[in-house]
Amino acid sequence: MEMKFSTLYNLVNSMNSVYQKIQKASGLPSSEYWVMFSVYKDGSRFAHEICLSTFMSRQTASLAIKNLVRKGWLTVEVSPENRRTKELHTTEEGMIFAKQFIFPVGQLEEKAWSRLSPEEKESSITIMSRFRSFFIEEAEPLLKEVTP
């Protein structure tokens, strides 16, 4: 039986729907939740890092950051290394949110991952790495066409 890419695609989307349900339960708009996720779980300290990890546009991330600063969940300071770069810092109020809606997600991921055998973990990473490489190769002609 030949497996179709749509099977993998649907599986990934069904996993993403779990993340989306958690985001909705948090009460935050999607962009604000994923900024908080990126800051607290991924350790992002700069807007460009958030954009890379969440696939958000710069404008969307900036608006979400402004809203989170207004709520008192993040602070923004000029980076001492580069005055044009603003560095994000966490607050106690933001930590309260993260303890309820961000850190538990990491724990769920780790628990689910730990249920796989060492062979399954290795196979998962190997296969997804190969697929990613092939996907990038296949996308190159399209990217050359649409990139100015």
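Overview of the structure.

Rules behind the numbers
Residues numbered from 1 in each chain as written. Predicted model: local features only at pLDDT ≥ 70, side-chain atom pairs only at ≥ 80, totals over all residues. Heavy atoms only, no water. Helix = DSSP H or I, 4+ residues; strand = E, 2+ residues; numbered from the N terminus. Contact = heavy atoms within 4.5 Å. Phe/Tyr/Trp six-rings, centres within 6.5 Å; stacked < 30°, edge-to-face > 60°. Buried < 20%, exposed > 50% of the residue type's maximum accessible area, 1.4 Å probe, protein only. Lys NZ or Arg CZ within 6 Å of the ring centre and 35° of its normal. 1 Å grid on protein atoms, 1.4 Å probe; cavity = no way out; pocket = protein on both sides within 12 Å on 5 of 7 lines; lining within 4 Å. Points joined across faces, edges and corners; volume = space filled by probe spheres on them. Salt bridge = Lys/Arg side-chain N within 4 Å of Asp/Glu carboxyl O. Patch = residues over 30% accessible without salt bridge, like charges linked within 9 Å, V, L, I, M, F, W, Y side chains within 5 Å. Areas by Shrake-Rupley, 256 points an atom, 1.4 Å probe, with all protein chains shown as cover. Expected span 1.5 Å × (residues − 1). Bend = angle between axes of the 7 residues up to and from the residue.

Focus: the overall build of the protein chain
Alright, step 1. A tally of helices and strands in the protein chain yields seven helices and two strands.
Alright, step 2. Starting at the N terminus and ending at the C terminus, the protein chain contains elements arranged as α-α-α-α-β-β-α-α-α.
Alright, step 3. Here the C-alpha coordinates of the protein chain stretch approximately 55 × 45 × 25 Å along the principal axes.
Alright, step 4. Once local pairs closer than 6 in sequence are excluded, the contacts in the protein chain between residues at least 24 apart make up 48%.

A short note on the packing of aromatic side chains
Alright, step 1. Within this structure, the stated rule accounts for 11 aromatic pairs.
Alright, step 2. For the ring pair Trp 73 and Phe 97, a centre distance of 4.9 Å and an interplane angle of 25° mean the geometry is stacked. Placement of Trp 73 in the loop between α4 (58–71) and β1 (74–78) and of Phe 97 in helix α5 (residues 92–101) is noted, with a sequence separation of 24 residues between them. Both residues of the pair, Trp 73 and Phe 97, belong to the buried class.
Alright, step 3. The structure contains a cluster of three or more aromatic residues connected by ring pairs, namely Tyr 19, Tyr 33, Trp 34, Phe 37, Trp 73, Phe 97 and Phe 101.
Alright, step 4. If you follow Lys 71 out to its NZ or CZ, it ends over the ring of Trp 73, 5.6 Å from the centre.

Focus on the layout of surface pockets
Alright, step 1. In this structure, the largest pocket occupies an estimated 1300 Å³ of space.
Alright, step 2. Together, 28 residues line the largest pocket, and Val 12, Met 15, Asn 16, Tyr 19 and Met 128 are the ones closest to its centre.
Alright, step 3. Sorting the residues of the lining of the largest pocket by element identifies α1 (5–26), α2 (30–40), α3 (47–54), α6 (103–114) and α7 (118–146) as the ones contributing at least two each.
Alright, step 4. Considered as a void within the structure, the second largest pocket measures approximately 270 Å³ in volume.
Alright, step 5. Lining of the second largest pocket is provided by 13 residues; of these, Ala 47, Arg 58, Ser 62, Val 76 and Lys 86 occupy positions nearest its centre.
Alright, step 6. A total of five residues in the lining of the second largest pocket trace back to one element, the largest contributor, which is α4.

So, the pattern of salt bridges
Alright, step 1. Under the criterion given, the structure shown has three salt bridges.
Alright, step 2. For Lys 41, the salt bridge is made with Glu 109, and the minimal N-O distance between the two is 2.9 Å. Taken as a pair, Lys 41 in the loop between α2 and α3 and Glu 109 in helix α6 lie far apart in primary sequence, 68 residues in all.
Alright, step 3. Classification of Glu 109 as partly exposed rests on a relative accessible area of 25%.

Some thoughts on a nonpolar patch on the surface
Alright, step 1. On the surface, Phe 5, Tyr 9, Ile 127, Met 128, Phe 131 and Phe 135 cluster together to form a nonpolar patch covering roughly 630 Å² of accessible area.
Alright, step 2. Looking at the nonpolar patch, the elements with two or more residues in it are α1 and α7.
Alright, step 3. For the nonpolar patch, the leading source of residues is α7, giving four residues.
Alright, step 4. Inspection of the secondary structure assignment puts Ile 127 in helix α7.

A closer look at α7
Alright, step 1. Taking 1.5 Å of rise per residue, the 29 residues of α7 would be expected to cover 42 Å, and the 41 Å separating its terminal C-alpha atoms lies within 8% of that figure.
Alright, step 2. Along α7, the sharpest kink reaches roughly 40°, centred on Glu 140 and followed within four residues by the proline Pro 141.

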